[in-house]
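The lines below spell out each chain.
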Amino acid sequence: MACRIIMFYRYYVPHLFLRHQNIQILNPKLSFHLSKASSYHYYPTVTQTNFPIKPKLSSFITDSEIQTEFSHHDPGVARINNGSFGCSPASVTSALQQWQLNWLRQPDRFYFNELHKGILKSRNTVKDLINAEDVDEISIVDNATTAVAIVLHQMQWAFSEGRFKKGDAVITLQYAYGAVKNSIKAYFERAGGYVIEVPFQFPVNSSEEIVNEFRMALVKEKASGRRVRLALIDHVTSMPSVLLPVKKLVEVCREEGVDQVFIDGAHGVGCVDVDMQEIGADFYTSNLHKWFFCPASVAFLYCRKSVTHSELHHPMVSHDYGKGLAIESCWIGTRDYSPSLVVPSAVEFTNRFEGGIDGIKRRNHDAVVEMGQMLAKAWGTNLGSPPDMCPSMIMVGMPACLGVSSDDDALKLRTHLREKFGVEVPIYYRMPKHEEVATATTAYARVSHQVYNKVDDYYKFRDAINQLVCDGFTCARSL
């Protein structure tokens with residue numbers, strides 16, 4: 001009993017006293033700051049059952065702690081473009097650096113004792129994140145582009161080995177990512193495949209428009225006798241950004257006899273709900289460095305158990321060739337594998353937020369819609385899609401008087417905003433229809449919201465555009 005009393009006064013009482021002090025507690029097992037603004041409080045476990053009940057702990061991250069986690073961001077830039085390259089907080093990059101040091105300290109031990117175990121832990125983490133059935137369905141790769149190449153390379157071999165016939169098709173959407181379209185050309189079309197590209201109008205009024213266009217394209221090709229071997233569908237299109245109804249599109253593919261369905265969820269995990277049992281696709285890929293706080297570059301490729309895994313290989317052939325894609329992907333030669341090992345650390349970071357990653361997604365969506373509507377109102381323009389088709393990104397029309405009349409103009413305007421106003425945001429050029437008047441909106445900003453963003457970032461963007469309009473700026477004369 002005396003021992004327990006000593007433990008209480010040694011640990012519990014000092015921590016109660018220090019709870020509201022702005023000092024650092026140095027402990028062999030724990031080092032952190034407590035302040036009046038902090039919501040982190042540490043109370044070691046006390047075994048004495050008749051001690052007073054400890055105060056309820058509040059363990060959610062505070063605004064000041066969020067800003068500290070991202071203090072490496074340039075403070076002079078309104079970074080409302082998380083969608084391009086993502087972000088990684090200091091706590092995750094610290095874990096990354098520790099993995100890198102472990103490698104440098106003793107690479108042989110790291111390779112034989114730590115690498116495969118660490119990647120297996122990341123694979124299990126992804127399995128739980130996306131509700132996959134089995135860890136064997138998950139392979140860790142460097143980015144979504146690599147995942148697409150893996151599946152399309154399998155299709156290329158299917159043509160060369162006679163399993164596919166010349167003219168067999170892949171179907172995709174008009175706004176598929178440029179690198180994915182190039183992979184289709186390089187692996188599928190070059191091998192003799194036919195590409196069906198389904199158009200849809202932007203701005204988008206409803207998800208039903210896209211589903212109907214997609215179904216009509218499949219029915220037409222089916223009537224002509226063409227076999228569609230693969231559907232490659234974005235979960236969230238990159239530019240313009242639109243959340244697609246992937247579950248319904250997968251159902252349409254099944255109904256119309258498409259062999260396999262691949263969802264390109266480059267913006268998936270951390271941005272939208274990703275559930276493999278619900279979506280029902282054969283393949284799914286997502287970057288984890290865009291919206292899940294991992295450093296570049298780490299992604300995964302999900303392959304449903306019914307898919308023949310033995311036909312899938314990493315495009316970089318190394319010593320583990322033939323042992324299955326997941327094992328092949330663990331070692332493709334000497335390189336930095338630390339981004340593949342910090343996925344559990346990213347989960348720890350998201351769990352510091354109320355509701356974890358699901359809470360982050362909800363708050364990002366609500367905030368980006370609010371900020372998008374604010375910008376559209378300020379400029380007298382419109383959004384590119386209904387709010388329910390905007391994940392953590394939203395397309396906002398820009399004043400027509402800016403005179404964006406080409407992709408080059410859009411890029412130049414983006415550069416001008418960065419260099420003169422300290423605003424980082426992608427600009428999309430939308431070619432006007434023939435019947436549209438000269439005042440039609442031709443430029444849309446793709447606005448992101450991530451946990452580090454503040455309202456002032458969007459006000460800064462709003463005011464920059466207002467200033468350009470006030471100054472009579474046009475792309476034709478000023479860039």
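Quick note: structure is the one above.
Residues numbered from 1 in each chain as written. Predicted model: local features only at pLDDT ≥ 70, side-chain atom pairs only at ≥ 80, totals over all residues. Heavy atoms only, no water.

(A) Just the overall build of the protein, in detail. When you go through the protein residue by residue, the secondary structure sums to 17 helices and 14 strands. Looking at the 479 residues of the protein, the share that counts as buried comes to 52%. With an accessible surface of roughly 22600 Å², the protein has 53% of that area assigned to carbon and sulfur atoms. (Helix = DSSP H or I, 4+ residues; strand = E, 2+ residues; numbered from the N terminus. Buried < 20%, exposed > 50% of the residue type's maximum accessible area, 1.4 Å probe, protein only. Areas by Shrake-Rupley, 256 points an atom, 1.4 Å probe, with all protein chains shown as cover.)

(B) Expanded view of the sheet that holds strand β6 (residues 194-198). Taken in spatial order, the 7 strands of this open sheet run β4-β10-β9-β8-β7-β5-β6, and their pairing is mixed. Each having just a single partner strand, β4 (138-141) and β6 make up the two edges of the open sheet. Sheet twist, expressed as the mean angle between neighbouring strand axes with direction ignored, is 20 degrees. Pairing analysis gives 4 bridges linking β4 to strand β10 (residues 299-303), with the strands arranged antiparallel. Bridged to I140 within β10 is F300. Strand contacts of helix α7 (residues 178-189): β5 (169-173), β6, β7 (228-234) and β8 (260-264), with the helix running at about 175 degrees to β5, the strand carrying the most contacts. Across the sheet, helix α8 (residues 207-223) lies against β5, β6 and β7, angled at about 150 degrees from β6, the strand it touches most. (Pairing = 2+ DSSP bridges. Axes fitted to C-alpha atoms, helices over the stretch in contact; angles between N-to-C directions. Contact = heavy atoms within 4.5 Å.)

(C) View of the sheet that holds strand β14 (residues 443-448). If you walk across this open sheet you meet the 3 strands as β11-β14-β13, and the pairing is antiparallel. In the strand order of this sheet, the two ends are held by β11 (393-397) and β13 (427-429), each with one partner. The sheet shows a mean angle of 30 degrees between the axes of neighbouring strands, direction not considered. Judged from the 5 bridges that link them, β11 and β14 form a sheet pairing that is antiparallel.

(D) Structural context of the pattern of salt bridges. For the structure shown, the criterion picks out 25 salt bridges. The salt bridge partner of E256 is K222, with a shortest N-O separation of 3.7 Å. In this pair, E256 is assigned in the loop between α9 (246-255) and β8 and K222 in helix α8, connecting sequence segments 34 residues apart. Residue E256 is classed as buried on the basis of its relative accessible area, which comes to 16%. Judged by its relative accessible area of 47%, K222 is partly exposed. Between E424 and R418 there is a salt bridge; the shortest N-O distance is 2.5 Å. Overlapping salt bridges, with partners in common, bring together D168, R227, R229 and D259 in one network. (Salt bridge = Lys/Arg side-chain N within 4 Å of Asp/Glu carboxyl O.)

(E) Spatial organisation of the nonpolar core. In this structure, I130, F214, I233 and F300 are the most contacted members of the largest nonpolar core, which totals 79 residues. Sequence-distant contacts of I130, defined by excluding residues within four places in its chain, comprise I138, V269, V274, D275, M276, F300 and Y302. By size, the runner-up hydrophobic cluster in this structure holds 34 residues, among which are V396, L402, V423 and L468. (Core = buried A, V, L, I, M, F, W, Y, C linked by side-chain atoms within 4.5 Å.)

(F) View of the side chain of R430. Mapping R430 onto the fold places it in the loop between β13 and β14. When near neighbours in sequence (up to four residues on either side) are disregarded, R430 contacts F202, P203, E436, T441, T442 and Y444.

(G) Focus on the environment of M393. Relative to the helices and strands, M393 is located in strand β11. Considering only alpha carbons, one finds M393 and N82, 311 residues apart in sequence, at a separation of 8.7 Å. Those residues in contact with M393, other than ones at most four positions away along the chain, are G83, V236, S241, H267, W291, V368, R446, V447 and S448.

(H) Inspection of the packing of aromatic side chains at higher detail. Evaluation of the coordinates by the stated rule reveals 19 aromatic pairs. Ring centres of F202 and Y444 lie 5.0 Å apart, and the angle between their planes is 75 degrees; this geometry places the pair in the edge-to-face category. Here the residue F202 occupies a position in the loop between β6 and α8, and Y444 occupies one in strand β14, the gap between them amounting to 242 residues. Summarising the burial analysis for this pair, F202 and Y444 share the class buried. The interplanar angle of 65 degrees and the centroid separation of 4.9 Å between the aromatic rings of F293 and F349 together place this pair among those described as edge-to-face. Here F293, found in the loop between β9 (283-287) and β10, pairs with F349, found in helix α13 (residues 343-350); they are 56 residues apart in sequence, far enough to count as distant. Taken together, the ring pairs connect F70, F293, F349, F353 and Y452 into an aromatic cluster. (Phe/Tyr/Trp six-rings, centres within 6.5 Å; stacked < 30°, edge-to-face > 60°.)

(I) Quick peek at the side chain of D168. Looking at the element boundaries, D168 is found in the loop between α6 (144-160) and β5. Reaching out from D168, the side chain makes a polar contact with the side chain of R229 at a distance of 2.8 Å. Beyond its immediate chain neighbours, meaning those up to four positions away, D168 contacts F159, F188, G193, Y194, R227 and R229. (Polar contact = N/O pair within 3.5 Å; in protein donor to acceptor, adjacent residues only side chain to side chain.)

(J) Summary view of the environment of V423. Residue placement: V423 occurs in strand β12 (residues 423-424). Expressed as a C-alpha distance, the spacing of V423 and R462, which sit 39 residues apart in the sequence, is 9.9 Å. Setting aside residues no more than four positions away along its own chain, V423 makes contact with A78, I80, R414, L417, R418, K460 and F461.

(K) Representation of unusual backbone geometry within the structure. A cis amide bond links F202 with the next residue in sequence, P203, at an omega value of 0 degrees. Cis geometry is found at the peptide bond from A296 to S297, where omega equals 10 degrees. Mapping S297 onto the fold places it in the loop between β9 and β10. Residue N131 is not a glycine yet carries a positive backbone phi of 55 degrees. If you trace the backbone, N131 turns up in the loop between α5 (107-130) and β4. Judged by its relative accessible area of 35%, N131 is partly exposed. The phi angle at F293 is positive, at roughly 70 degrees, despite the residue not being glycine.

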